[in-house]
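The chain contents come next:
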Amino acid sequence: MGVSSNPAVGHEPYLAPRGKVGDFLARLRGGDEIAHLLTLIFAAGVILITSLLVYELWINSALSRHTFGWKFFVTSVWDPVFNHFGALPFLYGTVITTVVALIIAVPLGVGAAIFLAELAPPRASDMLAFVIDLLAAVPSVIYGVLGIFVVVPFVRTALGPFLESTFGFLPLFKGPSYGLGVLTASLVLTIMIIPFIISVSREVLMAVPVDQREAALALGATRWESTIRVVVPFASTGIAGSIFLAMARALGETMAVTMVIGNDPRISASLLAPGYSIAAVIANEFTEATGALYLQALIELGLVLFLVTFILNGLARLLIVATEQRGGGTPA
Amino acid sequence: MASVSPVRNAETENMNRQPDNARDAAPSLAKPPEAPAVASSSLRFKVSKLKVFYGSKEVLHGIDLEISSNVVTALIGPSGCGKSTFLRSLNRMNETVRHARLEGQILLDGDNVLNMDVVRLRRRVGMVFQRPNPFPKSIFDNVAYGLRINGCKEKMSDAVEHSLRRAALWEEVKDQLHKSAYALSGGQQQRLCIARALAVDPEVLLLDEPCSALDPVTTAKIEELLFQLKPTCTIVIVTHNMQQAARASDFTAFLLEGNLIEFQKTPKLFTTPSDPRTEAYITGRFG
Amino acid sequence: MNLRTIWRKTLNVTMLSLTGACTLITVSVLFFILGYLVYNGGRDLSWNFFTKLPTPVGETGGGVANAIVGSAKLLFLAMLFGVPVGVIAGVYLAEFSGKTMNFVVRYTTDLLNGVPSIVIGIFAYSIVVVPMRHFSTLAGGFALGVMTIPITVRSTEQFLRAVPNPLREGALALGASKWKTILTVIVPAAASGIITGIMLALARVAGETAPLLFTAFGNQFWSPGWNQPIASLPMVIYTYATGPYEEWHEQAWAAGLVLLGLVLVVNIGTRLVLARKTSVAR
Ligand SMILES: Nc1ncnc2c1ncn2[C@@H]1O[C@H](COP(=O)(O)OP(=O)(O)O)[C@@H](O)[C@H]1O
Ligand SMILES: [Mg+2]
């Protein structure tokens, strides 16, 4: 190549097709195709691992799925001795703790995010956001420890009796309060998910273009009106995304919930009563599960958890991406 | 051949050089009637009917141009007229742009560059970009980069020193070769990039507005440098500074909206342009 | 009209103060909790804690040395397994993948990232523990390794993409092939970012308990080699905190503080490094 002068004539298209094989070999010599192939193998490895995960969950729960069918989700007897497995108490416990946690965390988190994005001086806002991001990195077992030694006594001695005496006529707050229970788990979850909500919401709020705010203020809106009528609606899908993200995290949370929920597979109307969650029952009983059906029932619970968080995470990502694109697209 | 620099390492010599007879044959292949003859130089690039597309947009509409060795050829024209595109076709850097497509023919010493191994082509045709782009490595490692990826191991420091001297940077950096290249000023960084390109001993050096981010003093230094490189290297420089083209080049090509309007010896183009559009441009009536 | 203005102004002030109150409540609760941990954990930290094995209940002076070493071993395995896959797949995403593959791989990565950690535990159990027929360090390391992959992939891709294009062009124009450009210019330019991503991934899995419950399991003693059940800091915290003994609780606080310190130091350190890097680049 290139040694003898060989004035080609005619028009050569760019990257002239030298034949697929010839082209591939030429690039192989340079190593580019090898590198491409090698990195592709590793990327495919990620896909493989993920598929394998789904596959393992699926086949290892086959026995349970066939034995109980859809009834698995609507019966509430969990009896390893007689091989009766119904998941309803765990589904209920998971959903109720998550819902209560969201009811407390969303207003607090979004409110704080609005404050940080709209009102706080930028430096203070950045500082606080930094600290809040750190809190999102705290391992869940540590929240569990704090739950056991701080939140449980608090609910047992202060919050529980108070709710009981004030709202005890509602089944929701019927005593007695043991400390360990659904409400405690919800509070611990609240503490765990608030950093997520604040962090993501603050970011989407700050991505709202400045001209949107200025337009509202220029029309004579107060700060609050511009925020609630213009900025928050603009960022609403992103905020919803942050809530879904928090929800997925709360549903899948294992350790902190296991340590404080009381681990009792019964459905009670009262938030003060102990309960159980999907992740907690897997954590507690997996190593002790004797018999194939028992183990497979637990794995089916894992499958359920996987599917639910999968859907929520997908939704969350979609929403966040949608808002960020809207925010990024407008100023240009 | 005047294009052989004083110090050359044997390996690049083998890799990059053609036998002299092959190159001497080149000028006889085609001597275009309008091409200005220069006694000491031969034909290096012969570009014919070059069209370049980005997606479906045609930005060069069939350029015919011959570039002689050992002279400085300047490309001028208003911005967006396709100067960079033309330059980047010569070493096939346009291939890094997705959707870029090229038609026509580019011969380098008689060989079609489109059929060459692109890695070898780029070793023979070096390039300096508009903004200095040193690697985040030491000064030494920047200059040695091209040699290292070519597998050269011996006498690295000699080669580095030689390249830095050719780029007129040696005196300023000889005591800090192992400092980060980012510690240098913009002008020094650009000369470092020139040294980096020179280290692999290219036959051709392409410069795309190398001075547009630099101050006048540094610009003058780089123009002086081009003058000194001329005996050892063919230089093609894109500039939209007409004074620079007039000062530093031997030939000037004027491009407008993807067409080559005029290609002349520089003094002629700037004093008695044959095309009214050229005249309009150099007298500042547009662009 | 005037009344309406007053109402609007009052509403403005009230609501804005409310958001401020939200911030105050959240931040102070969070700070209180951390402060409490530091206070309680600090009380029970001692030299023995880091150097001794656990003692039987009732004897004092025990420590969690085996769990500290165990966590280190598990993280080492996680790194060995997860980092190459994560980094190289990240290189694929940033440098080689076409649109479709990029979407597919990213999507899978996000999916894997969202999998609850307890489910990762089930996965590692069925792929490593079941064939080996016993709990092991290997299984725990595998579970943690899987968890590091998505974080590493995404951070690697992100930092590689942030390498300015002129650097690529500079290398290509010198005749470097694509893979040489990647190896000698792009990856080194992104190296500090990539390492940061790896550190953050490790810090995250260092605190994971759920995937270890039925993979690494736990161990009262040293666990030589890679084939036996092994203790780890998060597992010790879980066991001790939920146990009935006062000494255990104290140890749980102390271990919690150590784990938290580790995680926070890595997080703060890497974030500061990144912040400095981006501010220099600007
Ligand atoms: N990567 C690209 N994709 C699409 N169009 C491009 C690209 N690069 C340049 N162009 C277009 O090609 C034309 C010529 O550009 P360029 O060669 O950079 O001009 P010059 O260097 O003379 O300013 C311009 O109209 C420009 O918009
Ligand atoms: Mg240009």
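On a predicted model such as this, the values are computed, not experimentally measured, just so you know.

Scoring rules and cut-offs
- Residues numbered from 1 in each chain as written.
- Chains lettered and ligands numbered in written order.
- Predicted model: local features only at pLDDT ≥ 70, side-chain atom pairs only at ≥ 80, totals over all residues.
- Heavy atoms only, no water.
- Helix = DSSP H or I, 4+ residues; strand = E, 2+ residues; numbered from the N terminus.
- Buried < 20%, exposed > 50% of the residue type's maximum accessible area, 1.4 Å probe, protein only.
- Contact = heavy atoms within 4.5 Å.
- Areas by Shrake-Rupley, 256 points an atom, 1.4 Å probe, with all protein chains shown as cover.
- 1 Å grid on protein atoms, 1.4 Å probe; cavity = no way out; pocket = protein on both sides within 12 Å on 5 of 7 lines; lining within 4 Å.
- Points joined across faces, edges and corners; volume = space filled by probe spheres on them.
- Pairing = 2+ DSSP bridges.
- Axes fitted to C-alpha atoms, helices over the stretch in contact; angles between N-to-C directions.
- Core = buried A, V, L, I, M, F, W, Y, C linked by side-chain atoms within 4.5 Å.
- Domains from an automatic or database assignment.
- Phe/Tyr/Trp six-rings, centres within 6.5 Å; stacked < 30°, edge-to-face > 60°.
- Buried area = accessible area lost by both parts, 1.4 Å probe.
- Salt bridge = Lys/Arg side-chain N within 4 Å of Asp/Glu carboxyl O.
- Polar contact = N/O pair within 3.5 Å; in protein donor to acceptor, adjacent residues only side chain to side chain.
- Nonpolar A, V, L, I, M, F, W, Y, C, P; charged D, E, K, R; others polar.
- Near = heavy atom within 4 Å.

Caption draft 1: Looking closely at the overall build of chain A. A count of helices and strands for chain A gives 12 helices and 2 strands. Order of helices (α) and strands (β) in chain A, N terminus to C terminus: α-α-α-β-β-α-α-α-α-α-α-α-α-α. A total of 332 residues make up chain A; the buried ones form 52% of that total. Considering only contacts in chain A between residues 6 or more positions apart, those separated by 24 or more positions represent 74%. As displayed, chain A has an accessible area near 14,600 Å², and 69% of this comes from carbon and sulfur atoms.

Caption draft 2: Main features of empty space enclosed by the protein. Residues and elements named next belong to chain A. Evaluated as defined, the whole model comprises 3 cavities of 30 Å³ or more. Every residue along the wall of the largest cavity is listed here: Pro-89, Tyr-92, Gly-93, Val-182, Arg-266, Ile-267, Ser-268, Ser-270, Ala-273, Pro-274, Gly-275 and Tyr-276. Tallying contributions element by element places helix H4 (residues 88-119) first for the lining of the largest cavity, with 3 residues.

Caption draft 3: Structural detail: unusual backbone geometry. One non-glycine residue, Asn-263 of chain A, adopts positive backbone phi at about 50°. Its place among the elements puts Asn-263 of chain A in the loop between helix H10 (255-260) and helix H11 (278-285). Phi angles above zero are rare outside glycine, and Phe-217 of chain C is one such case at about 70°.

Caption draft 4: Summary view of the sheet that holds strand E9 (residues 251-256) of chain B. Residue and element names in this part refer to chain B. The strand order across the open sheet formed by 6 strands is E6-E7-E8-E3-E9-E10, and the pairing between neighbours is mixed. The open sheet terminates on both sides in strands that have one partner only, identified here as strand E6 (125-128) and strand E10 (259-265). Neighbour-to-neighbour, the strand axes of the sheet open up by a mean angle of 15°, direction not taken into account. The sheet contacts of helix H8 (residues 186-199) involve E6 and strand E7 (204-208), and relative to E6 the element is tilted by about 170°.

Caption draft 5: Representation of the nonpolar core. Of all hydrophobic cores here, the largest spans 170 residues; its most connected members are Trp-78 and Leu-301 of chain A together with Ile-118 of chain C. One finds Val-143, Leu-164, Trp-170 and Ala-199 of chain B within the second-largest nonpolar core, a separate group that totals 45 residues.

Caption draft 6: Main features of the domain arrangement of chain A. Per the domain assignment, the segments of chain A are domain 1 (24-56) and domain 2 (63-327). The C-alpha centroid of domain 2 of chain A is placed 37 Å from the C-alpha centroid of domain 1 of chain A.

Caption draft 7: Region of interest: the packing of aromatic side chains. All names here are of chain A. Applying the stated criterion across every chain yields a total of 28 aromatic pairs over all chains. Taking the centre distance of 4.7 Å and the plane angle of 85° together, the rings of Trp-78 and Phe-90 count as edge-to-face. Separated by 12 residues along the polypeptide, Trp-78 in strand E1 (residues 78-79) and Phe-90 in helix H4 bring together distant segments of the chain. Grouping aromatic residues by their ring pairs yields a cluster made of Phe-68, Trp-70, Phe-72, Phe-73, Trp-78, Phe-85, Phe-90, Tyr-276 and Tyr-294.

Caption draft 8: Structural detail: the domain arrangement of chain C. Residues and elements named next belong to chain C. Per the domain assignment, the segments of chain C are domain 1 (3-44) and domain 2 (47-281). Between the C-alpha centres of domain 1 and domain 2 there is a distance of 34 Å. Taken together, the contacts link 8 residues of domain 1 with 6 residues of domain 2. Looking only at domain 1, the three residues that lose the most surface to domain 2 are Leu-37, Gly-41 and Asp-44, adding up to 65% of its buried area. One can count 0 salt bridges joining domain 1 with domain 2. Between the two partners, domain 1 and domain 2, sit 0 residue pairs in polar contact (both at pLDDT 80 or more). Looking at the side of domain 1 that touches domain 2 residue by residue, the class counts come to 4 nonpolar, 3 polar and 1 charged.

Caption draft 9: Structural context of the side chain of Thr-19 of chain C. Residue placement: Thr-19 of chain C occurs in helix H1 (residues 2-44). Taking the relative accessible area as the measure of exposure, Thr-19 of chain C reaches 5% and is therefore buried.

Caption draft 10: Inspection of the pattern of salt bridges at higher detail. Within this structure, the stated rule accounts for 26 salt bridges over all chains. A salt bridge links Glu-225 of chain A to Arg-8 of chain C, with the shortest nitrogen-to-oxygen separation between them at 2.8 Å. Placement of Glu-225 of chain A in helix H9 (residues 223-252) and of Arg-8 of chain C in helix H1 is noted, with the two residues assigned to different chains. Classification of Glu-225 of chain A by relative accessible area gives buried; the value is 8%. With a relative accessible area of 23%, Arg-8 of chain C lands in the partly exposed category. Where salt bridges share partners, they join Arg-106, Asp-110, Arg-154, Glu-157 and Arg-161 of chain C into one cluster.

Caption draft 11: Main features of the side chain of Gln-251 of chain C. Take Gln-251 of chain C: it is sitting in helix H10 (residues 246-281). Dropping the residues within four chain positions of it, Gln-251 of chain C is found in contact with Phe-49, Gly-62, Gly-63, Val-64 and Tyr-240 of chain C.

Caption draft 12: Representation of the environment of Leu-75 of chain C within the structure. All names here are of chain C. With respect to the helices and strands, the residue Leu-75 is situated in helix H3 (residues 65-96). Distance from Leu-75 to Leu-37, taken between C-alpha atoms, is 24 Å for residues 38 residues apart in sequence. Those residues in contact with Leu-75, other than ones at most four positions away along the chain, are Leu-202, Val-205 and Ala-206.

Caption draft 13: The arrangement of the interface of chain A and chain C in detail. Across the contact, 74 residues belong to chain A and 76 residues belong to chain C. Our count for the chain A to chain C interface comes out at 2 salt bridges. In terms of residue count, the dominant contributor to the side of chain A that touches chain C is helix H2 (residues 32-59) of chain A (16 residues). For the side of chain A that touches chain C, the class distribution of residues is 51 nonpolar, 17 polar and 6 charged.

Caption draft 14: Region of the structure containing the site of ligand 1. Residue and element names in this part refer to chain B. The environment of ligand 1 is formed by Tyr-54, Lys-57, Val-59, Ser-79, Gly-80, Cys-81, Gly-82, Lys-83, Ser-84, Thr-85 and Val-97. The contact in question runs from an oxygen atom of ligand 1 to an N or O atom on the backbone of Lys-83, over 2.9 Å. Taking Ser-84, its side chain carries an N or O atom lying 2.6 Å from an oxygen atom of ligand 1. The fraction of the free accessible surface of ligand 1 (560 Å²) that becomes covered by protein chains is 63%. Those elements that place two or more of their residues in the shell around ligand 1 are strand E2 (57-68) and helix H3 (83-90).

Caption draft 15: Quick look at the sheet that holds strand E5 (residues 111-112) of chain B. Residue and element names in this part refer to chain B. Judged by pairing direction, the sheet is antiparallel, and its 4 strands sit side by side in the order E2-E1-E4-E5 without closing on themselves. Of all strands in the sheet, those with a lone pairing partner are E2 and E5, marking the two edges. In this sheet, strand E4 (residues 100-108) lies alongside strand E1 (residues 43-54) in antiparallel orientation, the contact comprising 8 bridges. Each residue of the ladder has a partner; that of Ser-48, found in E4, is Gln-105. The strands touched by H3 are E1, E2 and E4; relative to E1, the strand with the most contacts, the crossing angle is about 120°.

Caption draft 16: Just the interface of chain C and chain B, in detail. On the side of chain B, 22 residues touch chain C, which itself brings 18 residues to the contact. Summed over both sides, the interface between chain C and chain B buries roughly 1,600 Å², with carbon and sulfur atoms accounting for 64% of that surface. Of all residues in chain C, the largest losses of buried area upon contact with chain B belong to Glu-169, Ala-173 and Leu-174 of chain C, amounting jointly to 39% of the total for that side. Inspection of the region where chain C meets chain B yields 1 salt bridge. A salt bridge links Glu-169 of chain C to Arg-88 of chain B, with the shortest nitrogen-to-oxygen separation between them at 2.8 Å. Applying the counting criterion to the chain C and chain B interface returns 5 residue pairs in polar contact (both at pLDDT 80 or more). Breaking the side of chain C that touches chain B down by element, the ones donating at least two residues are helix H7 (165-173) and helix H8 (178-206) of chain C. For the side of chain C that touches chain B, the element with the highest residue contribution is H7 of chain C, accounting for 7 residues. Partitioning the side of chain C that touches chain B into residue classes produces 10 nonpolar, 6 polar and 2 charged.

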